[in-house]
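Here's the letter readout for the chains.
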Amino acid sequence: MLRIAVPNKGMLSEPAWTMLEEAGYRLRSNPRQLVVEDHDNDVELFYLRPLDIAVYVGRGTIDVGITGHDLLLNSGTDAKEHMELGFGASTFRFAAPNDSDIHTLQDVQGKRVATSFDKLVHDYLQAHGVQAETIHLDGAVESSVQLGVADLIADVVSTGTTLRNAGLRIFGDPIVHSEAVLIRSPRLDQDNERLVRLSRRLQGVLTAKRYVLMDFDIPSDKVAEAVRITPGFESPTISSLHEKQWSAVRVMVPKAEVNHLMDKLYEIGARGIIVTAIQATRM
């Protein structure tokens with residue numbers, strides 16, 4: 001049975017649960033339930049703190065887990081990043097008080113940095129030749145400067161609103177760009193049959209979210225031009241219509257480009273253009 005760790009709470013939790021559900025796995029029915037056995041899919045789900053998932057996967061008996069790229073880097077374990085999951089995008093950055101004289105990475109030299117990601121910050125500063133004291137806090141690091149614990153902070157940034165409200169400004173390059181990732185135990189081979197099946201299902205969900213199915217009719221002498229506009233994954237499906245001078249085309253296209261592609265197809269003579277959402281895929 002494949003043991004999978006999923007976030008119990010936080011910004012990664014609900015998208016992770018939704019992705020697993022859309023991939024056909026059974027989730028918990030009670031929010032207090034921490035372990036779910038899904039015998040139909042031969043998996044066991046463990047609901048864990050996001051900060052701990054990489055540790056359980058890297059050092060324990062959990063086979064795979066869903067966590068953040070930044071959390072994996074900060075864990076210091078041997079857990080391996082297996083695939084990106086396309087949600088939970090964020091950056092990890094330094095921020096200092098608006099009236100501070102800290103404006104560049106070099107200005108951090110000798111300062112106190114409050115963060116929940118000690119290892120990540122320490123490794124970054126060390127790699128850039130900056131010596132600073134790292135102060136660990138489990139949360140609300142934006143209050144640390146005002147309360148005299150630190151001179152600046154390093155934290156996850158999505159919109160930056162929380163930092164601005166605390167009188168802090170972002171400076172310097174991002175320490176790391178992060179998103180949700182599937183990680184695997186160093187003891188689990190990447191070609192493991194159960195892991196391959198899970199990866200294929202998750203990739204199918206990602207593809208279904210990013211692509212749609214487009215059907216349209218096109219004059220037969222314009223088929224080659226239409227295929228250049230919408231080449232699809234491998235090749236579009238082309239069918240002859242009762243009116244011999246017309247053909248029907250079915251093709252997968254990126255969801256973000258739908259209207260642009262419809263305009264281009266219409267301009268070359270395509271008609272009856274219909275777009276359909278995709279529920280699931282295996283590519």
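Residues numbered from 1 in each chain as written. Predicted model: local features only at pLDDT ≥ 70, side-chain atom pairs only at ≥ 80, totals over all residues. Heavy atoms only, no water.

## Quick notes on the pattern of salt bridges
Put simply, the rule is: Definition used for salt bridges: Asp or Glu carboxyl oxygen within 4 Å of a side-chain nitrogen of Lys or Arg. Put simply, DSSP H or I for four residues or longer makes a helix, DSSP E for two residues or longer makes a strand, and each gets a number counted from the N terminus. Note on exposure labels: buried denotes an accessible area under 20% of the residue type's maximum, exposed denotes more than 50%, and partly exposed covers the range between, all computed with a 1.4 Å probe on protein chains only.
Counted under the stated rule, the structure contains eight salt bridges. Between Glu 44 and Arg 3 there is a salt bridge whose closest N-O contact spans 3.5 Å. In this pair, Glu 44 is assigned in strand β3 (residues 43-48) and Arg 3 in strand β1 (residues 2-7), connecting sequence segments 41 residues apart. On the accessibility criterion, Glu 44 (12% relative accessible area) is buried. The salt bridge involving Asp 215 is made with Arg 250; its shortest N-O contact spans 2.7 Å. Highlighted residues: Asp 215 in strand β12 (residues 211-219) and Arg 250 in strand β14 (residues 246-254), separated in sequence by 35 residues. Residue Asp 215 is classed as buried on the basis of its relative accessible area of 17%.

## A short note on the domain arrangement of the protein
The test is simple: The split into domains, and so the bounds of each, comes from an automatic or database assignment of domains. Between two residues, a contact is recorded if the distance between any of their heavy atoms is within 4.5 Å. Take the accessible area each of two parts loses on contact, using a 1.4 Å probe, and add the two losses: that sum is the buried area. Throughout this description, a polar contact denotes any pair of N or O atoms lying within 3.5 Å of each other; where both atoms belong to protein, one of them has to be capable of donating a hydrogen while the other can accept it, and for residues adjacent in sequence the pair is counted only when both atoms sit in side chains. Polar here means any residue other than Ala, Val, Leu, Ile, Met, Phe, Trp, Tyr, Cys and Pro, which are nonpolar, and Asp, Glu, Lys and Arg, which are charged; Gly is therefore polar.
For the protein, the assigned domains read domain 1 (2-88 + 178-208), domain 2 (90-177) and domain 3 (210-277). Between the C-alpha centres of domain 1 and domain 3 there is a distance of 37 Å. Listed as interface residues are four residues of domain 1 and, on the opposing side, five residues of domain 3. Each partner contributes to the roughly 350 Å² buried at the junction of domain 1 and domain 3, and carbon and sulfur atoms together form 42% of this total. Summed over the three residues of domain 1 that lose the most area to domain 3, namely Leu 206, Thr 207 and Ala 208, the buried surface amounts to 87% of that side. At the boundary of domain 1 and domain 3, one finds three residue pairs in polar contact (both at pLDDT 80 or more). When its residues are assigned to classes, the side of domain 1 that touches domain 3 shows two nonpolar, two polar and no charged.

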